[in-house]
Amino acid sequence: MSQYHPILFFLQLGVLVSLGLAGYCAYRLRRHGRSLVVLSVGLLAVSIAIYNGAAAMKTASLALPGKLWWYKLEFLGSLALPSVAVTLALAYVGQERWLTRPVLAVLVGIPAVAVPLIIANPGSVMITEPTLVETGGFWALEHGHPPLFVMVAAWGEGATLLAALVVGGSGLFGNARRAPALILGAALGLPYGALMLKTLQVYPPGGEGINIVPAFASGMLVIVALAIARYRLFDLLPVGRSKAFGVMDDGYMLADATGTIVDANEAARTLLGEERLTARAVGEAISELRWPGATGGPVGTGDPVGAGNLVGAGDPVGADGQEEAADPVTATVEGRTLQMRSSAVRDGRKAVGRVFMLRDITPLREREQALQEENERLDRFASVLSHDLRNPLNVAQGRLQLAKEQLTKEVGSDPEGHITSVERALRRMNEIIEDMLLLTWSEQELSPGDLGPVDLEAAARTAWDHVDAPEATLEVESSTRLRGHEGRLQRLLENLFRNAIENGGKAVSVTVGALSDVQSLSGEQSPSKRASSSGGFFVEDDGPGIPVERREKVLEGGYSSREKGTGLGLSIVQGIAAAHGWSTLITEPVSESSTESQAGGARFEFRNDGTQGG
């Protein structure tokens, strides 16, 4: 036998809404992976479904044993609800760290102990004197409330109120976006309000003794579902971020489709000098920075990309549907240089928000300024060498030549060899100035705009044409495309070629090629000139080689094994390589067919370290 009351409609509707939202949460977890917020909402829905279902069966039942049994089963859902609400609140405001083992023990332990006690009710410890009460033709359950029952009920009411206050307070005073936080806080507070009405014995009309709390809990779920749809809580929840965002040095902000900040970490507030960023427009918080690619006003103002969609002309999307990285923008904030990168937050192919990453690049800019000043000093030094020293040196050489010609006419020769010695000294000075200019030029850092694709073989052939060594031979064993400065690469090769000739003799044989992990240029080359992947090149000769103990010293400025050498030739090579971001290694030539060193010779290997993208 059963009875009907209008509240049954709301209880049954609550079951359907709860199961629907629980199913959606399960879908989200399966598609997008673990999320404590989604899991908490799903468990909340399951708890309310059990609560409403048992309450509906209790309301419809006429027999006291059946009504009492369904009433006890209500607590499977109602006592789980406060624990899940607290977990959801802490997850939403980004305070999962409070979910420690002791806290979880309380949240799980109280329902785990109270529910079996209520169902078994040993010694009437939880429920006393259950009875049916007729009110206007409707039979309701009434019973006594022992102290332990009152304590459990008070815990449930307190936990539910705490959850509502945590979320609402985060919207008013914390980092959560105000509107959705207040709505979610109010929703979590609905069951608490219903409990207060029940405590005051406020019942629905014609239903004295009817429990209205399950219906209010269903209303809470309806509000949560609407907030998920309206404010994209699952997509843009500040709490969905990794815990690393809270402790990293880079600033992090998350904006929704309207350009309003819904989450920001401590680093972002520190970098921007703002105590509060959430619930503000991005353009208001970062007025100096402009939206990458936007033609409108500052970030987040107006509608620079149309209809609230954050993916516009400034957000190129690849063929696979993934957004390509936008160019960073920079601005000076309180004497510091900040760099901002932004990209769309997507749910599949749909953009639902935008994430901003802020970095303080002041030290980098200061280093760039120092390098620029150093380059300017090098330029001034080169100017002194090129003009202030070279000009009087040229005058001295010209006057000496006139004096030599005059002396030859009068005496017939340079009997003491003084003029010849001065000529050698002046030539030596000229060589030193030339090499110092090259060294200064080679050590100047290269910017990305100075670099381009360079054909190793073409550069080697051009450099060889500048070397006066008709008896020497050059072989290009394999080639590759290098990202570098063509002029400096040719100078590097010229210096290596001259070094080989000066140390190996006029008939030396020089070989240039890509390293074994270097990509060949194209299929036009013969198989013997093909290599395997990109990374560097080598120059080797069949001369006397360089002893192991001298290989580091020869790259230092001023070291020379020849009396007439300036000792700057290989130092220039090292400077050019370093400016490209290449490492330099000196070893012996290695046979292609074995790992044994050939007799004599030196081998210079240059590998890309990635510092210049070369």
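In the block above lies the structure referred to throughout.
This is a predicted model, so every value here is computed, not measured. (Residues numbered from 1 in each chain as written. Predicted model: local features only at pLDDT ≥ 70, side-chain atom pairs only at ≥ 80, totals over all residues. Heavy atoms only, no water.)

Student: Summarise helix α1 (residues 7-32); cite the residues concerned and give the values.
Tutor: One turn of an α-helix holds 3.6 residues; hence residues three or four places apart share an orientation. With 26 residues, α1 should reach 38 Å at 1.5 Å per residue; the first-to-last C-alpha distance of 37 Å fits that figure. Within α1 the residues assigned to the buried category are Ile 7, Leu 8, Leu 11, Gly 14, Val 15, Ser 18, Leu 21, Ala 22, Cys 25 and Arg 28. (Helix = DSSP H or I, 4+ residues; strand = E, 2+ residues; numbered from the N terminus. Expected span 1.5 Å × (residues − 1). Buried < 20%, exposed > 50% of the residue type's maximum accessible area, 1.4 Å probe, protein only.)

Student: Break down helix α4 (residues 80-92) for me, citing the residues and quoting the values.
Tutor: For α4, built from 13 residues, the straight-helix expectation of 18 Å at 1.5 Å per residue is met to within 8% by its first-to-last C-alpha distance of 18 Å. Burial analysis of α4 places 13 of its 13 residues in the buried class, the great majority of the element. Phi for Gly 94, located one or two positions after α4, is positive at around 80°.

Student: Could you give an account of the sheet that holds strand β14 (residues 603-608), with specific residues and numbers?
Tutor: Within a beta sheet, neighbouring strands are joined by backbone hydrogen bonds and run either parallel or antiparallel to one another. An order of β9-β11-β12-β14-β13 is seen for the five strands of this open sheet, with the pairing classed as mixed. Because the sheet does not close on itself, it has two edges, and the strands there are β9 (473-476) and β13 (582-587). Strand-to-strand twist of the sheet, defined as the mean angle between neighbouring strand axes without regard to direction, takes the value 15°. Bridge count between strand β11 (residues 509-514) and strand β12 (residues 536-541): five bridges; the pairing is antiparallel. Across the sheet, Val 512 pairs through a bridge with Val 539, a residue of β12. Packing of helix α16 (residues 486-504) onto the sheet brings it into contact with β9, β11, β12, β13 and β14, and relative to β12 it is tilted by some 20°. Where helix α17 (residues 569-580) meets the sheet, its contacts fall on β13 and β14, and the angle it forms with β13 comes to roughly 140°. (Pairing = 2+ DSSP bridges. Axes fitted to C-alpha atoms, helices over the stretch in contact; angles between N-to-C directions. Contact = heavy atoms within 4.5 Å.)

Student: Hey, could you go over the nonpolar core for me, with residue numbers and the actual values?
Tutor: Grouped together as the largest cluster of nonpolar side chains are 40 residues, with contacts concentrated most on Val 41, Leu 44 and Leu 188. Take this core: its biggest share by element is nine residues, from α4. Residues in contact with Leu 44, not counting those within four places in the same chain, are Leu 81, Val 84, Ala 85, Leu 88, Leu 188, Met 220 and Leu 221. With 37 residues, the next largest nonpolar core counts Trp 464, Val 476, Val 512 and Val 539 among its residues. (Core = buried A, V, L, I, M, F, W, Y, C linked by side-chain atoms within 4.5 Å.)

Student: Got a sec to walk through unusual backbone geometry? Specific residues and values, please.
Tutor: Phi at Asn 121 is positive, roughly 50°, even though this residue is not glycine. With respect to the element layout, Asn 121 can be found in the loop between α5 (101-120) and β1 (128-135). Given a relative accessible area of 14%, Asn 121 falls into the buried group. Here the phi dihedral of Glu 129 falls at roughly 50°; this positive angle occurs in a residue that is not glycine. Note that Glu 129 resides in strand β1. Since its relative accessible area comes to 69%, Glu 129 is described here as exposed.

Student: Pulling in residues and values, what's your account of the packing of α5 against helix α6 (residues 147-173)?
Tutor: In the contact formed by α5 and α6, the axes pass within 11 Å of each other and the chain directions differ by 145°. As α5 packs across α6, the resulting crossing turns out to be left-handed. Every residue of α6 that contacts α5 at Val 106, Ile 110, Pro 111, Ala 114 and Leu 117 is listed here: Leu 148, Val 152 and Trp 155. Per-class residue counts for the contact of α5 with α6 are eight nonpolar, no polar and no charged. (Left-handed = near helix turned anticlockwise from the far one by under 90°. Nonpolar A, V, L, I, M, F, W, Y, C, P; charged D, E, K, R; others polar.)

Student: Help me get a handle on the pattern of salt bridges, residues and values and all.
Tutor: If you walk through the whole model with that rule in mind, you get ten salt bridges. A salt bridge links Glu 605 to Arg 603, with the shortest nitrogen-to-oxygen separation between them at 2.7 Å. Across the pair, Arg 603 and Glu 605 agree in class, each one buried. Residues participating in the shared-partner salt-bridge network are Glu 540, Arg 603, Glu 605 and Arg 607. (Salt bridge = Lys/Arg side-chain N within 4 Å of Asp/Glu carboxyl O.)

Student: Hey, could you go over the environment of Ala 460 for me, with residue numbers and the actual values?
Tutor: Tracing the sequence through the fold places Ala 460 in helix α15 (residues 456-465). Considering only alpha carbons, one finds Ala 460 and Leu 489, 29 residues apart in sequence, at a separation of 8.7 Å.

Student: Give me the packing of aromatic side chains: which residues, what numbers.
Tutor: Overall, the coordinates contain seven aromatic pairs when judged by the stated rule. When the centroid spacing of 5.5 Å and the interplanar angle of 85° are considered together, the rings of Phe 537 and Trp 582 count as edge-to-face. One end of the pair, Phe 537, is in strand β12; the other, Trp 582, is in strand β13, with 45 residues separating them in the sequence. Comparing Phe 537 with Trp 582, the two get one shared label, buried. The interplanar angle of 25° and the centroid separation of 5.0 Å between the aromatic rings of Phe 537 and Phe 606 together place this pair among those described as stacked. Residue Phe 537 is found in strand β12, and its partner Phe 606 is found in strand β14; the two are separated by 69 residues along the sequence. Judged on exposure class, the residue Phe 537 and its partner Phe 606 are both buried. Among the aromatic residues, those joined into a ring-pair cluster are Tyr 71, Phe 75 and Phe 149. (Phe/Tyr/Trp six-rings, centres within 6.5 Å; stacked < 30°, edge-to-face > 60°.)

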